[in-house]
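# Observations on the model geometry
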Amino acid sequence: MKIIGTGSAIPSLSVTNDMLSVFLDTSDQWIRTRTGIVERRIISDENLKDLAVEAAKKALEEANMDGSQLDYIICSNVVNYYVTPSLSCLISGEINAACPCVDLNAACSGFVYGLDMAQAYQLAGKAKNILVICAEEPTRMCSWKDRNTAVLFGDGAAAVVVTEGDDFKASYITAKYRPEILYYQRALEDCPFVTYQQRGVPMYMNGKEVFKMAVNASIEGIERILKETGHTADQVDHYILHQANMRIIETIRNQLHQPVEKFPHNIERLGNTSSATIPILLDELNKGGKLKQGDTILLSGFGAGFTAGTCLFTWTMN
Ligand code: UT7
């Protein structure tokens, strides 16, 4: 499998830490030092589906492909306006696609899960050209009265088009049963026969526990993938990690004894956009001319579940 196009789209509204401290008991200083976030983009006038369609169109354009040539759309998404139909189906209608579509919910690990799934479909001979897209609006999952979660998130979408090739060397995805450390419960319709009516619970996160799980899962995945592909940590040119907290990225970097330049980040500008962080960053690096042909790239994501995913590939676009 290889990537032949990338694209991303972010909302226009930028919300700074100072804007949050007007209605939350927080401060720019706390958010900057504890997370690395300075501002985030939040959906206001836009809607998530339109951002997703914009990201998909950009990726298709770079791949020099029309939506009708896609064999599959895999969309990583936790929440959007609809529970059904799937977001991938809504996207397909606007990019001229006529292929099967599926949404996947692996929380913030969704991009790596999506790539892993895409490669499996290719290897099974069931699809060649696949759109892997992440579109997330976590700002609609947290309570805006809860400083523990609301300061961390932003919205955004990003996509890649993949086709057959030899660039992807290995991927490793995991899930461990830890629902209590990070969850969001949707509201369900009342039913006369049910004994428990579910009104919905805003996102809850045990930050410290998630932090530890994130570092451990990411290190485990990275070490495993390096071993499997016969690479040393030094041979990786770019470590593109899920943008959840600058301190998580730094802890992982220190454990791998790697220089800061190898760990690009945009969390300071965009916050945590769930599964969209990695493909948005990948697109920024691609469009910014930061990726050279032959570079070795490692992706590592982690999130609710607790899920994690790591993969390694060679960059051959340009
Ligand atoms: O993508 C999904 C995966 N999510 C993650 O990976 C998040 C992982 N966890 C984290 O990034 C960090 O744990 C947080 C940024 C969420 C929290 O940082 P922390 O260093 O673990 O802080 P804490 O929760 O231990 O809180 C320290 C203090 C507490 O006050 P006391 O009890 O020491 O008086 C909190 O009440 O900071 C307080 N606090 C805040 N203060 C100002 C918590 N949130 C805020 C806030 N502003 N927004």
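This is a predicted model, so every value here is computed, not measured.

Here the focus is the sheet that holds strand 7 (residues 156–163). In a beta sheet, neighbouring strands pair by backbone hydrogen bonds and run either parallel or antiparallel. In space, the five strands of this open sheet follow the order 1-7-6-4-5, with mixed pairing throughout. The sheet is open, and its two edges are formed by strand 1 (2–9) and strand 5 (101–104), each paired on a single side. For this sheet, the mean angle separating the axes of adjacent strands, direction not counted, is 15°. With seven bridges connecting them, strand 1 and strand 7 associate as antiparallel partners. Considered in strand 7, the bridge of Ala9 is made with Ala157. Lying over the sheet, helix 5 (residues 110–123) contacts strand 4 (72–76), strand 5, strand 6 (130–136) and strand 7, oriented at roughly 160° with respect to strand 6. Packed onto the sheet, helix 10 (residues 277–287) meets strand 1, strand 6 and strand 7 and runs at close to 105° relative to strand 1.

For Asn77, the position within the fold is in the loop between strand 4 and helix 4 (87–92). Separated by 2.9 Å, the side chains of Asn77 and Asn80 make a polar contact. Residues contacting Asn77, with those up to four places away along its chain left out, are Leu48, Leu87, Asp103, Leu104, Asn105, Ala135 and Glu136.

Okay, the nonpolar core next. Counting residues in hydrophobic clusters, the biggest one holds 46 residues, and the most contacted among them are Ile222, Tyr239, Ile248, Ile252, Leu298 and Phe306. Listing elements by their share of this core, those giving two or more residues are strand 8 (168–175), strand 10 (201–205), helix 7 (207–229), strand 11 (238–241), helix 8 (246–256), strand 12 (296–303) and strand 13 (307–314). Sort the elements by how many residues they give to this core and helix 7 lands first, with ten residues. Among all residues touching Ile252, those that are not within four sequence positions of it are Val215, Ser218, Ile219, Ile222, Leu241 and Phe263. Membership of the second largest hydrophobic core comes to 34 residues, among which are Ala106, Leu270, Leu282 and Phe313.

Looking now at the domain arrangement of the protein. The domain boundaries assigned to the protein delineate domain 1 (2–166) and domain 2 (170–314). Between domain 1 and domain 2, the residue contacts involve 47 residues of the former and 41 residues of the latter. For the pair domain 1 and domain 2, the two sides together bury roughly 3,600 Å², of which 63% comes from carbon and sulfur. When the area that domain 1 buries against domain 2 is broken down by residue, the three leading residues are Cys108, Val112 and Tyr113, summing to 18%. Put simply, domain 1 and domain 2 have one salt bridge between them. Between Lys287 and Glu62 there is a salt bridge whose closest N-O contact spans 4.0 Å. Connecting domain 1 to domain 2 are 24 residue pairs in polar contact (both at pLDDT 80 or more). Secondary-structure elements contributing two or more residues to the side of domain 1 that touches domain 2 are strand 1, helix 2 (28–35), strand 3 (39–41), helix 5, strand 6, helix 6 (147–150) and strand 7. Residues of the side of domain 1 that touches domain 2, tallied by class, amount to 23 nonpolar, 14 polar and ten charged.

Basis of the calculations
- Residues numbered from 1 in each chain as written.
- Predicted model: local features only at pLDDT ≥ 70, side-chain atom pairs only at ≥ 80, totals over all residues.
- Heavy atoms only, no water.
- Pairing = 2+ DSSP bridges.
- Helix = DSSP H or I, 4+ residues; strand = E, 2+ residues; numbered from the N terminus.
- Axes fitted to C-alpha atoms, helices over the stretch in contact; angles between N-to-C directions.
- Contact = heavy atoms within 4.5 Å.
- Polar contact = N/O pair within 3.5 Å; in protein donor to acceptor, adjacent residues only side chain to side chain.
- Core = buried A, V, L, I, M, F, W, Y, C linked by side-chain atoms within 4.5 Å.
- Buried < 20%, exposed > 50% of the residue type's maximum accessible area, 1.4 Å probe, protein only.
- Domains from an automatic or database assignment.
- Buried area = accessible area lost by both parts, 1.4 Å probe.
- Salt bridge = Lys/Arg side-chain N within 4 Å of Asp/Glu carboxyl O.
- Nonpolar A, V, L, I, M, F, W, Y, C, P; charged D, E, K, R; others polar.

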